[in-house]
Amino acid sequence: MTDQTSKPVAVVTGAAGDIGAAIAAELAASHSIAAVDIDEAALSATVSRLRAGGAHATAITCDLTKTDDLARMADAAKRLGPVTALINNAGGAEALTLHSMTARTLARDLSLNLEAALNCFKALERALIEGGSGTVVNIASVNGLGTFGHPAYSAAKAGLIHATKAIAVEYGKYGLRANAIAPGTVKTQAWKAREEANPGVFDEALAWYPFKTLPEPEDIAAAAAFLLSPAARCITGVCLPVDSGLSAGSPGLPRTFTQSPDFDGL
Ligand SMILES: NC(=O)c1ccc[n+]([C@@H]2O[C@H](COP(=O)([O-])OP(=O)(O)OC[C@H]3O[C@@H](n4cnc5c(N)ncnc54)[C@H](O)[C@@H]3O)[C@@H](O)[C@H]2O)c1
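Residues numbered from 1 in each chain as written. Predicted model: local features only at pLDDT ≥ 70, side-chain atom pairs only at ≥ 80, totals over all residues. Heavy atoms only, no water.

### Examining the site of the ligand
Neighbouring residues of the ligand: 29 residues in total, closest Asp37, Asn89, Tyr153, Thr188 and Trp191. Here an oxygen atom of the ligand sits 3.1 Å away from a polar atom, N or O, in the main chain of Gly17. The separation between an oxygen atom of the ligand and a polar side-chain atom of Trp191 is 2.8 Å. Here the ligand loses 89% of its free accessible area of 830 Å² to cover by the protein chains. If you list the elements that add at least two residues to the shell around the ligand, you get α1 (18-27) and α5 (151-171). By residue class, the composition of the shell around the ligand is 14 nonpolar, 10 polar and five charged. (Near = heavy atom within 4 Å. Polar contact = N/O pair within 3.5 Å; in protein donor to acceptor, adjacent residues only side chain to side chain. Areas by Shrake-Rupley, 256 points an atom, 1.4 Å probe, with all protein chains shown as cover. Helix = DSSP H or I, 4+ residues; strand = E, 2+ residues; numbered from the N terminus. Nonpolar A, V, L, I, M, F, W, Y, C, P; charged D, E, K, R; others polar.)

Now the structure itself:
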């Protein structure tokens, strides 16, 4: 039997959320999981589920927007073993539009979705270098690639995609890779209020997607596992959309532009 504790450590932020929990579960086969979240109760439930599935997982409660908390989190993660992977997954959006945005919501959106990820990288920078083959995966969004609402969150995610390239370029010399993933619409707790307001929200969203299946948290987790794996050893500085084709386009517009029924299907 494998000694779970001899596995390298993967720090997964936002691990109590749906995508974070799926990433933690996926990586648990190859890593000891440092599961990080601000929501202590939800994190404890996630870690219990991971352990019940045979994972070596440790809960680290942390507000990633607070620098003192980050330093404490990094120390706790490093005590678990060599940290070789950081998955910056925690995120969330406040302001829906520029009109409704305030200085306060702008600061919160930038702080959680951009600054926290970079500060988390800085807190674990030395550990990731010392691990010899450190890998960072930043969970961005299609909102960082196009205009889909939530402008401050989107600006932060676009910044996160740039920051991913900056890490790849500056830290490649240490054997460290950094990539981003841009999920499309994934049905998670983050959508709860919108689904309550409009139970048809996912069907409406799907109408814009070329591929008629929305990604699940497990699809994002599979992409993260690939980017961490030796199969991706020469992939760094990229942003991989896991978005059922949304960032490639929506079929309705070429249908209008060409007037071709080919876009309607056979
Ligand atoms: N669900 C989607 O449609 C979708 C689409 C594109 C990108 N994403 C991105 O995927 C990631 C995960 O999203 P999700 O849908 O699973 O959301 P979620 O709300 O289920 O999970 C987010 C987690 O982050 C945690 N968190 C929030 N603020 C924190 C803080 N200050 N410190 C520590 N933890 C904090 C929350 O407690 C929560 O557990 C986010 O970065 C999100 O922007 C999601």
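After that view of the structure, there is still more to cover.
### Things to note about α5
Given 3.6 residues to a turn, an α-helix orients residues that are three or four positions apart in the same direction. An ideal rise of 1.5 Å per residue puts 30 Å on 21 residues; α5 measures up with 30 Å between its terminal C-alpha atoms. Every buried residue of α5 is listed here: Ala152, Tyr153, Ser154, Ala156, Lys157, Leu160, Ile161, Ala163, Thr164, Ile167, Ala168 and Tyr171. At its buried positions, α5 is contacted by α4 (103-130), β5 (135-139), β6 (177-183) and β7 (239-242). (Expected span 1.5 Å × (residues − 1). Buried < 20%, exposed > 50% of the residue type's maximum accessible area, 1.4 Å probe, protein only. Contact = heavy atoms within 4.5 Å.)

### What to know about the packing of helix α3 (residues 67-79) against α4
A packed helix pair is summarised by two numbers, namely the angle formed by the two axes and the spacing between the axes. Running from amino to carboxyl end, α3 crosses α4 at an angle of 35°, the nearest separation of the two axes being 10 Å. Between α3 and α4 lies a crossing whose hand is right-handed. For the pair α3 and α4, the contacting residues are Leu70, Met73, Ala74 and Lys78 in the first and Asn119, Cys120, Ala123, Leu124 and Ala127 in the second. Residues of the contact of α3 with α4, tallied by class, amount to seven nonpolar, one polar and one charged. (Axes fitted to C-alpha atoms, helices over the stretch in contact; angles between N-to-C directions. Left-handed = near helix turned anticlockwise from the far one by under 90°.)

### Structural notes on the nonpolar core
Of all hydrophobic cores here, the largest spans 31 residues; its most connected members are Ile23, Leu27, Ile33, Ile87, Val137 and Ile181. For this core, the elements supplying multiple residues, two or more each, are β1 (9-13), α1, β2 (32-37), α2 (40-52), β4 (83-88), β5 and α8 (217-228). Broken down by element, this core gets its largest block of residues, seven residues, from α8. Not counting the four nearest positions on each side in its chain, Val137 is found in contact with Leu86, Ile87, Asn88, Asn179, Ile181, Ala224, Leu227 and Leu228. (Core = buried A, V, L, I, M, F, W, Y, C linked by side-chain atoms within 4.5 Å.)

### Digging into the pairing of β5
The buried count for β5 comes to five of five residues, which makes it a mostly enclosed element. Neither face of β5 is exposed, since Thr135, Val137 and Ile139 on one face and Val136 and Asn138 on the opposite face are all buried. In the sheet, β4 pairs with β5 via four bridges, with the strands oriented parallel. Looking at the pairing, Ala85 lines up with Thr135 of β5. What joins β4 to β5 is α4, and the crossover it makes is right-handed. In the sheet, β5 pairs with β6 via five bridges, with the strands oriented parallel. Considered in β6, the bridge of Val137 is made with Asn179. Where the polypeptide runs from β5 across α5 and back to β6, its parallel neighbour, the crossover connection is right-handed. (Pairing = 2+ DSSP bridges. Right-handed = clockwise from strand over helix to strand, strands pointing away.)

### Things to note about the sheet that holds β5
Either a parallel or an antiparallel arrangement is found when strands of a sheet pair, and the pairing is made through backbone hydrogen bonds. Strand order in this open sheet of seven strands is β3-β2-β1-β4-β5-β6-β7, and the pairing throughout is parallel. Two strands bound the open sheet, and with one partner strand each, they are β3 (57-61) and β7. Between one strand and the next, the sheet's axes are offset by a mean angle of 20°, whatever the strand orientation. Pairing geometry for β6 and β7, over four bridges, is parallel. Of the residues in β7, the one forming a bridge with Pro183 is Val242. Across the face of the sheet, α1 comes into contact with β1, β2, β4 and β5 while running at roughly 170° to β1.

### Re the packing of aromatic side chains
In this structure the tally under the stated criterion is three aromatic pairs. When the ring of Phe121 is compared with that of Tyr171, the centres are 5.0 Å apart and the planes differ by 90°; the resulting orientation is edge-to-face. Here Phe121 is found in helix α4, whereas its partner Tyr171 is found in helix α5, with 50 residues between them in sequence. Residue Phe121 shares its accessibility class with Tyr171, and that shared class is buried. (Phe/Tyr/Trp six-rings, centres within 6.5 Å; stacked < 30°, edge-to-face > 60°.)

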